[in-house]
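Single-letter residue listing:
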Amino acid sequence: MGTSTSQLSKEDVSEYQELTFLTKQEILLAHKRFVELHEDKKNPPDTRHFRLTMDKIVKLPELQCNPFRDRICHVFSTSEQKDGSLTFEDFLDLLSAFSDSATLEIKSHYAFRIFDFDGDGTLGCADLEKLVNCLTGETDDTRLTSEEMRQLINNILEESDIDKDGTVNLSEFQHVISRSPDFVSSFKIVL
Amino acid sequence: MDSDAVFYTDRSGIVTSNPLLDQLPSYQSLLYRRKSSNGGTKRRPSSRSRLGSSGSWKLSTVTRQEEKQRGQTLQRPIRELAKTINEKRTYKKQQDEARELSSWGQWRQSTRRYLRRLKEEAQGWFSSLKLWRGDIRLIEGMFGTGILSYFSFLRFLVMLNLIIFLIMFSFVILPIIIAPKSSGNITYSQSNGNVCSVYPSSARRGLVVFHEHLTDLLSGGGFLEDTYLFYGYYKVDKIHFAQITYSLPLAYLLATVAYMFLSLIWIVKRSATGFKQNLIQDEDRFQSFCNKIFAGWDFCITDKNAARLKRSSLLYELKTDLEEERIKQKIADRTRKERCRIYLIRLILNFFVIGVLAGCFYSIYLATIFSQEAQMKDEKGNSHIDLIIEYLPSIVITLANFINPLLFSIIINYEDYSPAFEIRFTLMRCVFMRLTSIGVLLFSLWSQITKCKEETCICGYNHVLYSCWETRVGQEMYKLTIFDFIIIAAVTLFVEFPRKMMVQYCDCGVVRWWGQQEFAIPQNVLEIVYGQTICWIGTFYCPILPAICTIKYFFIFYIKKVSLIKNCRPATRPFRASSSHFFFLGVLLIGLALACLPVTVSVAQISSSQACGPFVNYSTSWEVLPATVAQLPNGAQNLLYALSSEVFAVSFFVVTCLAMFYVIALAGAHKRVINQLREQLAMEGRDKRFLIQKLCQAQGNRAVQSKSQPQTRSRSSPSYHTSFSSNFSESVFLAHPPPHSSTHV
């Protein structure tokens, strides 16, 4: 058992710089915020093994208002229990995918996984409907009518479903994202 | 799609997983891209369940596939792989062990890594130097990327104006300043005693009261007239330094051309990224639904209110776009009689709009003429009235720009266009209105300048009234800039702030109907593009104007930021970051084109004033260039004459047209190929499903047959790597399946 350190060593930082898209300042800031979220000053967390539960992570102001915060935590979590808890390295993965310098391929890959609510590897009609409801709001008066929803999903599938199987798989998603000019600027979280 | 549904589908239309499908090579490659290393997947347990149904042979094909693709990914940097950090770490260790680099290779790798690290740090340092980084991040978090684009546009204009000022300063003002210090000899343009070169001084004599200083500051006259601020001060002809002779008129003209070009290139470069993507899109819809849904949420929003607003604006946008589709359908279904009626209404309303615009332009013309004549009278009236008369053109322009958008937005309701087109058309009308009003102002100024009592002016311009007409034009531009800034600050302080107070504390019906101020991005952008157009026109006559504009935009940033945070709410109809990027730069380019026109006309056509300025010895400002070229050596002269001849221009034009047609044809061919490939993909998908259906049938038939024969047969699904013939039974080729066979649910 190693000592639990709340400081990052230099080799760790340079290794993270190598493996992610984050700069040194961003890694250090991420570590600071991660430790702050832990809220327990007496036992500083061990970076490699300690997991923050999902309800603590979504207290981050950057994730608080995000309708996809649960999905984000589940996608980046490596825990066995699938409870959405993140280690510090998962947290770094999250920030790296959402950083400015991440490639479009990485961003679209993770976006696909975030939008794939049922986890079956494609975006079907149910996934798209849940996605639209997340975007517009969960209450009754902020939803689209079922007629409008059907029209919208038909339009989306018409634009993105190339092989006409009724679902959007990863390649089709990446293809439509590459032509979407807003994606890179909106798929961004900076601490 | 329903007619060729070959899958087992349950009632909700969801395709259940088919074990055969999971073995397809394309699906395997998908899994690899999603899965982590072959050690196992921690994140995708569901994929395991799809893998599980097949036999052990499949793993070998999977590993073979994975190795091939891993070989392809060797070239990519590790961080571009979509894996967790732990997996990347193990992968990297494997790679390093497998590669067994020599010490030379290791050294090369470590230097490459070090250089990359250095480059990233330099980039990070540069971006931290960017102006207003913290403020813009705050605005982005509170309001999203649509409004952010307005503020980054403001920042771009501040930078642009600063660079333009640096160009004018370093080439025109700096030589004059350092000439005495570096023992340069300044030759001033000689006045040849002509009647044209009489320039009465406009400095105030005697005791000057303080408020007259203020008047001078606001109107650019009086003590400001004979300073570096205006064109008339630069009466220098040549500066003789130790080794070289610096020709100031040439530098003045070339600096003007340089800043126009620089603005053009910078704007085009900035818009090139957005434009490329729009060109590649082959849909006629500018903003597709996919863009709105998949890239719809700004992940950088941190404020609860902003999130709520974003949701409601997204909902509004989606509903409007869906409705627009329905309206388009309705428009296509219109009868002929209805169409004629609508066209008639549109024609009448367009005539009305043209009439309104003509009226506005005429009133600007009248106001300018009146203002100029009143200034010429030089009576010592009430100084406030004098100031108002001096600012009369600006006041009329601002009033027109205030009333017209309201009028246009009322009129457009009757013209029955689709909502998106309505917005764009109103915007176009407003843009046209704003930018043309400056042109009308300048035109009326010039008609005054070139109108003399006699038929043709002796000096080419009215030397009695306008002994230094460029300075007068510079003063008008200066006044427009100052007034624009005052109006923006005043509207924020005296209109928006009380409005917010009223909405917050007073709850009567009228106030609630009026509502809180919306931060309407198009109108705000038009305001600053208007200011920038004035700056571009005015820099030739008033070289310090870019610095004034830089300071003006600097303050406008903070005014607008405070106004946004305290007084306004974002507009209900959202402005997308990408389309706004395009819109801002498009309007700015129109402004630049409009600014080039008056400057070109005045440089080339109107005689430069002979009492002031650097071009005293030349008939027009442009003439300094041919005069200088004539002094160059013969070879350079011939080259320049050849470049400017008509032959060269025509052949250049023809070559450019040919290149353009070639590129258009190429794009058309690519589009056709893309369409064919899409159809082919859809067809391939259907082929695949058809074949699988046949295979399933064949399996089913074989199972039936094998029930009667007690032989054991391998029941594993056929592999795609063995030949088909050995696994197919004849039944597949004999019978066509009936539409509702046993394989369908």
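These numbers come from a predicted model, not from an experiment. (Residues numbered from 1 in each chain as written. Chains lettered and ligands numbered in written order. Predicted model: local features only at pLDDT ≥ 70, side-chain atom pairs only at ≥ 80, totals over all residues. Heavy atoms only, no water.)

### Some remarks on the pattern of salt bridges
Move 1: Summed over the entire model, instances satisfying the criterion amount to 21 salt bridges over all chains.
Move 2: The partner of Asp 100 of chain A in a salt bridge is Lys 188 of chain A, and the shortest N-O contact between them spans 3.6 Å. Residue Asp 100 of chain A is found in the loop between helix H6 (88-97) and helix H7 (104-115), and its partner Lys 188 of chain A is found in the segment after helix H11 (183-186); the two are separated by 88 residues along the sequence.
Move 3: Classification of Lys 188 of chain A by relative accessible area gives buried; the value is 16%.
Move 4: The partner of Glu 147 of chain A in a salt bridge is Arg 150 of chain A, and the shortest N-O contact between them spans 3.3 Å. One end of the pair is Glu 147 of chain A and the other is Arg 150 of chain A, both in helix H9 (residues 146-160) and three residues apart, which spans about a single turn.
Move 5: The network of salt bridges with shared partners includes Glu 18 of chain A together with Arg 113, Arg 116 and Arg 117 of chain B. (Salt bridge = Lys/Arg side-chain N within 4 Å of Asp/Glu carboxyl O. Helix = DSSP H or I, 4+ residues; strand = E, 2+ residues; numbered from the N terminus. Buried < 20%, exposed > 50% of the residue type's maximum accessible area, 1.4 Å probe, protein only.)

### What to know about the state of the cysteines
Move 1: Under the defined criterion, the tally for this structure stands at one disulfide over all chains.
Move 2: A sulfur-sulfur distance of 1.8 Å marks the disulfide that ties Cys 468 of chain B to Cys 612 of chain B. Judged by the sign of its S-S torsion, about 100°, the bond between Cys 468 of chain B and Cys 612 of chain B is right-handed. Here Cys 468 of chain B, found in the loop between helix H15 (419-449) and helix H16 (469-505), pairs with Cys 612 of chain B, found in the loop between helix H20 (577-604) and helix H21 (624-630); they are 144 residues apart in sequence, far enough to count as distant. Cys 612 of chain B matches Cys 468 of chain B in its accessibility class, with the two residues each being buried.
Move 3: No disulfide involves Cys 290 of chain B; its sulfur sits 13 Å from the nearest other cysteine sulfur, which is in Cys 125 of chain A. (Disulfide = S-S within 2.5 Å.)

### Focus: the packing of H6 of chain A against helix H4 (residues 85-99) of chain B
Move 1: Contact pair H6 of chain A / H4 of chain B: the axes reach a minimum separation of 9 Å and the direction vectors enclose 90°. Relative to H4 of chain B, the element H6 of chain A lies roughly perpendicular. Between H6 of chain A, through Glu 89, Leu 92 and Asp 93 of chain A, and H4 of chain B, the contact on the second element is made entirely by Ile 85, Asn 86, Lys 88 and Arg 89 of chain B.
Move 2: Looking at the contact of H6 of chain A with H4 of chain B, its residues break down into two nonpolar, one polar and four charged. (Axes fitted to C-alpha atoms, helices over the stretch in contact; angles between N-to-C directions. Parallel < 35°, antiparallel > 145°, perpendicular 65-115°, else oblique. Contact = heavy atoms within 4.5 Å. Nonpolar A, V, L, I, M, F, W, Y, C, P; charged D, E, K, R; others polar.)

### A closer look at unusual backbone geometry
Residues and elements named next belong to chain A.
Move 1: We note that Lys 82 has phi near 55°; this positive angle belongs to a residue other than glycine.
Move 2: Along the chain, Lys 82 falls in the loop between helix H5 (69-76) and H6.
Move 3: The partly exposed category is assigned to Lys 82, whose relative accessible area is 39%.
Move 4: Of note in the backbone geometry, Lys 164 takes a positive phi value of approximately 55° without being a glycine.
Move 5: As for its placement among the helices and strands, Lys 164 is situated in the loop between H9 and helix H10 (170-178).

### Thoughts on the nonpolar core
Move 1: By size, the foremost hydrophobic cluster in this structure holds 109 residues, and its most contacted members are Tyr 150, Phe 151, Phe 153, Trp 469, Trp 536, Phe 540 and Leu 588 of chain B.
Move 2: Ignoring any residue separated from it by four or fewer positions in sequence, one finds Phe 153 of chain B in contact with Arg 270, Val 525, Ile 528, Val 529, Phe 584, Leu 585 and Leu 588 of chain B. (Core = buried A, V, L, I, M, F, W, Y, C linked by side-chain atoms within 4.5 Å.)

### Considerations on the domain arrangement of chain A
Residues and elements named next belong to chain A.
Move 1: Segmentation of chain A into domains returns domain 1 (4-97) and domain 2 (104-186).
Move 2: Once you take the C-alpha centre of each, domain 1 and domain 2 turn out to be 27 Å apart.
Move 3: Taken together, the contact between domain 1 and domain 2 spans eight residues of the former and eleven residues of the latter.
Move 4: The contact between domain 1 and domain 2 buries some 910 Å² in all, and 75% of this surface belongs to carbon and sulfur atoms.
Move 5: Taken together, the links from domain 1 to domain 2 amount to zero salt bridges.
Move 6: For the pair domain 1 and domain 2, the number of links is three residue pairs in polar contact (both at pLDDT 80 or more).
Move 7: Among the residues forming the side of domain 1 that touches domain 2, the class breakdown is seven nonpolar, no polar and one charged. (Domains from an automatic or database assignment. Buried area = accessible area lost by both parts, 1.4 Å probe. Polar contact = N/O pair within 3.5 Å; in protein donor to acceptor, adjacent residues only side chain to side chain.)

### A closer look at the sheet that holds strand E3 (residues 245-247) of chain B
Residues and elements named next belong to chain B.
Move 1: Pairing in this open sheet of three strands is antiparallel, and the strands run E1-E2-E3 from one edge to the other. Looking at the sheet topology across the chains shown, the edges are occupied by strand E1 (185-188) and E3. Averaged over all adjacent pairs, the angle separating strand axes in this sheet is 20°, with direction ignored.
Move 2: Contacting E1, strand E2 (236-240) and E3, helix H7 (residues 145-181) runs over the sheet at an angle of about 60° to E2. (Pairing = 2+ DSSP bridges.)

### Describing the UniProt feature "domain: EF-hand" (unreviewed entry) in chain A
Residues and elements named next belong to chain A.
Move 1: In the numbering adopted here, UniProt assigns the feature "domain: EF-hand" (unreviewed entry) to residues 103-138 and 148-183.
Move 2: Across residues 103-138, helical content stands at 67% and strand content at 0%; the span's end C-alpha atoms are separated by 32 Å.
Move 3: This span, residues 148-183, is 64% helix and 0% strand, and a straight line between its end C-alpha atoms measures 24 Å. (UniProt positions renumbered as here; feature names shortened; annotations may be inferred.)

### Description of the packing of aromatic side chains
Move 1: Here the structure, examined in full by the defined rule, presents 45 aromatic pairs over all chains.
Move 2: Here the aromatic rings of Phe 115 of chain A and Phe 294 of chain B are separated by 6.0 Å at their centres, their planes lie at 25°, and the arrangement is stacked. With Phe 115 of chain A in helix H7 and Phe 294 of chain B in helix H10 (residues 289-294), this residue pair bridges two chains. Phe 294 of chain B matches Phe 115 of chain A in its accessibility class, with the two residues each being buried.
Move 3: Here the aromatic rings of Tyr 231 of chain B and Phe 540 of chain B are separated by 6.0 Å at their centres, their planes lie at 45°, and the arrangement is tilted. Taken together, the residues span a long stretch of sequence, with Tyr 231 of chain B in the loop between helix H8 (210-219) and E2 and Phe 540 of chain B in the loop between helix H18 (521-538) and helix H19 (545-567) at a distance of 309 residues. Residue Tyr 231 of chain B shares its accessibility class with Phe 540 of chain B, and that shared class is buried.
Move 4: Feature note: the residues Phe 68, Phe 76, Phe 98, Tyr 110, Phe 112, Phe 115, Phe 173, Phe 183 and Phe 187 of chain A together with Phe 294 and Phe 299 of chain B constitute an aromatic cluster, connected by ring pairs.
Move 5: Positioned above the aromatic ring of Phe 117 of chain A is the side chain of Arg 71 of chain A, whose terminal nitrogen or guanidinium carbon lies 5.9 Å from the ring centre.
Move 6: The ring of Phe 156 of chain B has Arg 270 of chain B lying over it, and the distance from NZ or CZ to the ring centre is 4.5 Å. (Phe/Tyr/Trp six-rings, centres within 6.5 Å; stacked < 30°, edge-to-face > 60°. Lys NZ or Arg CZ within 6 Å of the ring centre and 35° of its normal.)

### Some thoughts on the interface of chain B and chain A
Move 1: Taken together, the contact pairs 67 residues of chain B with 79 residues of chain A.
Move 2: Carbon and sulfur atoms supply 56% of the area buried between chain B and chain A, which totals about 6900 Å² over both sides.
Move 3: Counting the contacts that link chain B with chain A gives eight salt bridges.
Move 4: The closest approach of N and O atoms between Lys 319 of chain B and Glu 148 of chain A, which form a salt bridge, is 3.4 Å.
Move 5: The interface formed by chain B and chain A holds 18 residue pairs in polar contact (both at pLDDT 80 or more) in total.
Move 6: Ranked by the residues each element gives to the side of chain B that touches chain A, the list is headed by helix H11 (residues 304-332) of chain B, at ten residues.
Move 7: For the side of chain B that touches chain A, the class distribution of residues is 24 nonpolar, eleven polar and 32 charged.

### Quick word on the pairing of E2 of chain B
Residues and elements named next belong to chain B.
Move 1: Relative to E2, E1 is paired through four bridges, and the arrangement is antiparallel. Residue pairing across strands places Asn 185 opposite His 240, the latter belonging to E2.
Move 2: The pairing of E2 with E3 spans three bridges and is antiparallel. Across the sheet, Lys 238 pairs through a bridge with Ser 247, a residue of E3.
Move 3: Where E2 folds back on E3, the antiparallel hairpin that results is connected by four residues.

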